[in-house]
Amino acid sequence: MRLMLAQTDPIWADPSANLEALEQLCQLAKHGKADLLAMPELALTGYNIFDCLDTLAEPVNGPISTQVAKLAIKYDLYILFGIAERQSDSQLNNAAVLLNNNGERIATYHKRQLWGRENEHFTAGNQHCVVDTPFGCLGIMICYDNEFPEIARELTQAGAQIILSPTANMLPNAERQILQVRARAMDNQCFVACINRSGVEGELHYCGHSLVAGPDGEVLASLGYDSAISIVTINLARIDESRANQDYLKDLQNLKGDDS
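Basis of the calculations
- Residues numbered from 1 in each chain as written.
- Predicted model: local features only at pLDDT ≥ 70, side-chain atom pairs only at ≥ 80, totals over all residues.
- Heavy atoms only, no water.
- Helix = DSSP H or I, 4+ residues; strand = E, 2+ residues; numbered from the N terminus.
- Salt bridge = Lys/Arg side-chain N within 4 Å of Asp/Glu carboxyl O.
- Buried < 20%, exposed > 50% of the residue type's maximum accessible area, 1.4 Å probe, protein only.
- Pairing = 2+ DSSP bridges.
- Core = buried A, V, L, I, M, F, W, Y, C linked by side-chain atoms within 4.5 Å.
- Contact = heavy atoms within 4.5 Å.
- Axes fitted to C-alpha atoms, helices over the stretch in contact; angles between N-to-C directions.
- Parallel < 35°, antiparallel > 145°, perpendicular 65-115°, else oblique.
- Left-handed = near helix turned anticlockwise from the far one by under 90°.
- Nonpolar A, V, L, I, M, F, W, Y, C, P; charged D, E, K, R; others polar.

Peer 1: What is the right way to read unusual backbone geometry from this model?
Peer 2: Residues apart from glycine generally show negative phi values, whereas peptide bonds are mostly found in trans. Geometrically, the link from leucine 171 to proline 172 is a cis peptide bond, its omega value of 10° lying close to zero. As for its placement among the helices and strands, proline 172 is situated in the loop between β8 (162–166) and α6 (174–188). Positive phi is not limited to glycine here, since leucine 42 has a value of about 50°.

Structure follows, in structure tokens:
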């Protein structure tokens with residue numbers, strides 16, 4: 001799979017402008033022969049939108065998703081993006097949505113580990129998200145989930161080969177983020193892609209440094225503080241290569257089942 005990381009600095013509370021910017025990113029993805037374009041957490045509204053969620057939250061099949069679906073079809077791309085999702089009972093979730101190149105929604109994940117003010121506005125998800133695609137089995141987590149080894153382990157045990165994590169992480173956490181993403185990849189001998197954002201929203205200064213880590217924790221792609229893109233080729237054969245010498249998931253299962 002050719003994965004495009006889109007480390008963006010969205011315009012706060014302006015989905016229309018951010019959707020226009022997304023089309024430009026789709027053009028770059030198509031030119032770079034990417035299969036999947038992945039965006040940061042809540043990248044089409046901005047992250048620090050807690051005071052205007054009443055106007056920016058929408059159903060998973062609402063206007064934002066409808067416009068992204070049109071772009072997925074137009075540019076023949078899988079697209080991963082985030083929204084503040086409003087449920088029929090008015091409950092709100094911090095959601096990541098994956099569309100295929102036919103504009104069909106094939107996965108929706110609700111962030112499980114809420115951070116800071118999120119706890120006041122969003123309801124935490126309670127299920128992992130793993131989906132089969134032509135490019136391999138994808139798992140999804142969001143931002144603060146990165147910091148809990150249990151989340152990535154659960155995804156990998158459910159079959160995920162590539163974990164995608166839309167993120168809105170802030171200064172001074174750049175080095176912490178890099179270390180944690182590499183550790184999640186190495187611990188589970190899979191690929192982990194953290195798609196962070198850049199820029200400033202009020203008191204929040206985002207730290208960028210999006211990266212893709214491979215099954216031995218190696219960095220396959222990385223970005224700096226500013227808005228940028230990177231397209232990286234992911235070769236799933238690396239997973240078998242990594243597990244040839246030691247297979248952590250297999251050995252952990254054997255350990256749990258050994259009563260001796």
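Peer 1: What is the right way to look at the pattern of salt bridges in this model?
Peer 2: Where charged atoms of side chains with opposite charge meet at close range, the side chains can pair. For the coordinates displayed, the defined rule picks out 12 salt bridges. The salt bridge partner of lysine 30 is aspartate 76, with a shortest N-O separation of 3.8 Å. Here lysine 30, found in helix α1 (residues 15–31), pairs with aspartate 76, found in the loop between α3 (63–75) and β3 (78–86); they are 46 residues apart in sequence, far enough to count as distant. Among the ionic pairs, aspartate 51 bridges to arginine 117, the shortest N-O distance being 3.1 Å. Of this pair, aspartate 51 sits in the loop between β2 (36–38) and α2 (53–56) while arginine 117 sits in the loop between β5 (105–110) and α4 (118–121), and the two are 66 residues apart along the sequence. Each of Asp216, Glu218, Arg238 and Glu241 takes part in salt bridges that share partners, so that together they form one network.

Peer 1: Explain the pairing of strand β6 (residues 130–133) here, please?
Peer 2: The side chains of a regular strand alternate, residue by residue, between the two faces of the sheet. The side-chain alternation of β6 yields one buried face, formed by Val131 and Thr133, and one unburied face, formed by Val130 and Asp132. Summarising the sheet, β6 and strand β7 (residues 136–140) pair through 4 bridges and their orientation is antiparallel. Bridging across to β7, valine 130 finds its partner in glycine 139. Once β6 ends, the chain turns through 2 residues before running back antiparallel as β7.

Peer 1: Even after reading the chapter, I still don't get the environment of leucine 3, so can you show me in this structure?
Peer 2: Mapped onto the elements, leucine 3 comes out in strand β1 (residues 2–7). For leucine 3, a relative accessible area of 0% corresponds to the buried category. Sequence-wise, leucine 3 and serine 230 are 227 residues apart; in three dimensions their C-alpha atoms are separated by 8.1 Å.

Peer 1: What's the story with the nonpolar core in this structure? I'm lost.
Peer 2: Within soluble globular proteins, side chains that are nonpolar generally end up buried alongside one another. Counting residues in each nonpolar core, the largest one holds 28 residues, and the members touching the most others are Leu3, Leu36, Leu80, Leu98, Ile140, Leu164 and Val212. Those elements that provide at least two residues to this core are β1, β2, β3, β4 (92–99), β5, β7, β8 and β9 (191–195). Sort the elements by how many residues they give to this core and β9 lands first, with 3 residues. Leucine 98 has contacts with Leu36, Ile79, Leu80, Glu104, Arg105, Ile106, Ala107, Val131, Leu138 and Ile140, leaving out every residue within four places of it along the chain. With 26 residues, the next largest nonpolar core counts Cys26, Ala29, Val68 and Leu71 among its residues.

Peer 1: Where do I start with the packing of helix α5 (residues 149–157) against α6 in this structure?
Peer 2: The relative placement of two packed helices is expressed as an angle between their axes plus a distance between the axes. Two numbers describe how α5 lies on α6: the axes approach to 10 Å, and their chain directions differ by 40°. Between α5 and α6, the angle is such that the two are oblique. In terms of crossing hand, the pair formed by α5 and α6 is right-handed. When α5 is examined against α6, the residues Pro149, Ala152, Arg153 and Thr156 are found in contact with a partner set consisting of Arg184, Asp187 and Asn188. Its residues assigned to classes, the contact of α5 with α6 shows 2 nonpolar, 2 polar and 3 charged.

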